[in-house]
Amino acid sequence: MGIFCPHTLRIAEPSKSSLEPFKVNAAPENIHPNGRSSSTSDSVTMGEALIEGSNWRLVEVGRVVLINGEHPYNGRLAAIVEIIDHKRVLVEGPSSDPKLKVPRQALHLSKALLSQFVIENLPRGSRHTALAKAWEKAEIDAKWKGSNWAKKREQIERRKALTDFDRFKVLRLKKQRRFEERKALAKIKASA
């Protein structure tokens, strides 16, 4: 006798594992005191089904955002200090780099790109000094400058600032590199 499973619309045979209660596959050392797991995704085994949690970036207090779009602080980093409603958050960027500093203000979520960085255990509504200490402790500036996202944005800005002659020099250098790569590849093919 099988059990009807409405999610898969097929008959599944019961097994010993399906009669056991569900298990969470997360090591105890990966669980934070606030109940969140430090891994990017959790997996739950219920019977024969493996249910994996997503590793989406959540809008949460302490999440570092990059301000985007038509905004006076476009391209700067800020941390979410408070969630105002489902469309707006209160942010502040106490960065030591003046090019990344953002004063405390309400920000529409359509103007924020969520980064992978989170300031752990930041209390809701933290004031400037508490946020600045947590920002420095989490080393957000150093992590941001080392991230591929920041490097790519810097490369795009450099390319935008090129003059016509600079673009011509880049073109010539790319041609030289391509020529050297093809010459080396031909040499390897000839010796093989």
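Look up a bit, the structure's there.
Attention in this report is confined to the structure presented alongside it. Since we're looking at a predicted model, the values are computed, not measured. (Residues numbered from 1 in each chain as written. Predicted model: local features only at pLDDT ≥ 70, side-chain atom pairs only at ≥ 80, totals over all residues. Heavy atoms only, no water.)

**Here we look at a nonpolar patch on the surface**
At step 1: Taken together, F165, F168 and L171 make up a surface patch of nonpolar side chains, about 320 Å² in accessible area.
At step 2: By the element assignment, F165 lies in helix α5 (residues 164-191). (Patch = residues over 30% accessible without salt bridge, like charges linked within 9 Å, V, L, I, M, F, W, Y side chains within 5 Å. Areas by Shrake-Rupley, 256 points an atom, 1.4 Å probe, with all protein chains shown as cover. Salt bridge = Lys/Arg side-chain N within 4 Å of Asp/Glu carboxyl O. Helix = DSSP H or I, 4+ residues; strand = E, 2+ residues; numbered from the N terminus.)

**Digging into the packing of aromatic side chains**
At step 1: For the coordinates displayed, the defined rule picks out two aromatic pairs.
At step 2: Geometrically, the ring pair formed by W144 and W149 is edge-to-face, given 5.4 Å between the ring centres and 65° between the ring planes.
At step 3: The exposure class of W144 is buried, given its relative accessible area of 6%.
At step 4: Classification of W149 by relative accessible area gives partly exposed; the value is 25%.
At step 5: Seen from their ring centres, F165 and F168 are 6.3 Å apart, and the 25° between their planes marks the pair as stacked. Linking F165 with F168, this pair stays in helix α5, spanning three residues, or about one helical turn.
At step 6: The exposure class assigned to F165 is exposed, which follows from its relative accessible area of 52%.
At step 7: For F168, a relative accessible area of 45% translates into the label partly exposed. (Phe/Tyr/Trp six-rings, centres within 6.5 Å; stacked < 30°, edge-to-face > 60°. Buried < 20%, exposed > 50% of the residue type's maximum accessible area, 1.4 Å probe, protein only.)

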